[in-house]
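One-letter residues, chain by chain:
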Amino acid sequence: MGQEYKGYVFDVLVKPVADSNRWTFTAVVHIPQGARDRVTELSCTQDFASEAEAEMEAVAFVKKSIDEGEVSLS
């Protein structure tokens, strides 16, 4: 289920890192553009100790990317 933030909707996919007990994430940001939506994928190269930590960091990363203009409505 998507989360909303400042006019954007994003989904986070938390996934295990191969051959370890660590976790990482990919986030998909839906950018509304009138009748057509754009989609941007943000990938993480860092890994985290737990699934919950990876999810929390993913949400923070997406929000920071939006705040800093790395993902833009224009």
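So, how was this worked out
- Counting starts from 1 at the beginning of each chain's written sequence and moves along it residue by residue.
- Residues qualify for local features only when their pLDDT is at least 70, as the model is predicted, and side-chain atom pairs are given and counted only at 80 or more; totals for whole chains, interfaces and linings, by contrast, use all residues.
- As a rule here, side-chain values come from all non-hydrogen atoms in the structure, and water together with hydrogens is ignored.
- In this analysis, rings of Phe, Tyr and Trp, with Trp reduced to its six-membered ring, are considered paired at centre separations within 6.5 Å, and the interplanar angle assigns stacked below 30 degrees, edge-to-face beyond 60, and tilted for intermediate values.
- Under the DSSP-based scheme used, a helix requires at least four consecutive residues in state H or I and a strand at least two consecutive residues in state E, with every element numbered from the N terminus.
- Throughout this description, buried means an accessible area under 20% of the type-specific maximum (1.4 Å probe, protein chains only), exposed means over 50%, and partly exposed covers the range between.
- Confidence of the prediction at every residue is given by pLDDT, a number between 0 and 100.
- Side-chain atoms alone can form a polar contact between residues adjacent in sequence; in general such a contact is a pair of N or O atoms within 3.5 Å, and within protein one must be able to donate a hydrogen while the other accepts it.

A.B. asks: How should I be thinking about the packing of aromatic side chains in this particular structure?
C.D. replies: Each aromatic ring pair is specified by the distance between its two centres and by the angle formed by the two planes. Per the counting criterion, the structure on display carries 2 aromatic pairs. Note on Phe-25 and Phe-48: the rings are 6.2 Å apart at their centroids and 20° apart in plane angle, and the pair reads as stacked. You can see Phe-25 sitting in strand E3 (residues 23-33) and its partner Phe-48 sitting in the loop between strand E4 (36-43) and helix H1 (51-67), a full 23 residues away along the chain. Judged by relative accessible area, which is 2%, Phe-25 ranks as buried. Three or more aromatic residues joined by ring pairs make a cluster, and in this case those are Phe-25, Phe-48 and Phe-61.

A.B. asks: Hey, could you run me through the confidence of the model for the protein chain in this one?
C.D. replies: Keep in mind that low pLDDT regions are not for reading the predicted coordinates in detail. Overall, the predicted model of the protein chain reaches an average pLDDT of 88, with 89% of residues at or above 70. Looking across the protein chain, the model is least confident in E4, with a mean pLDDT of 82, and most confident in H1, with 95.

A.B. asks: Whenever I open this one, the environment of Asp-11 confuses me. Can you help?
C.D. replies: Residue placement: Asp-11 occurs in strand E2 (residues 8-16). What makes Asp-11 partly exposed here is its relative accessible area of 28%. Here the side chain of Asp-11 touches Gly-2 through a polar contact of 3.1 Å, landing on its backbone nitrogen. Here the side chain of Asp-11 touches His-30 through a polar contact of 3.0 Å, side chain to side chain.

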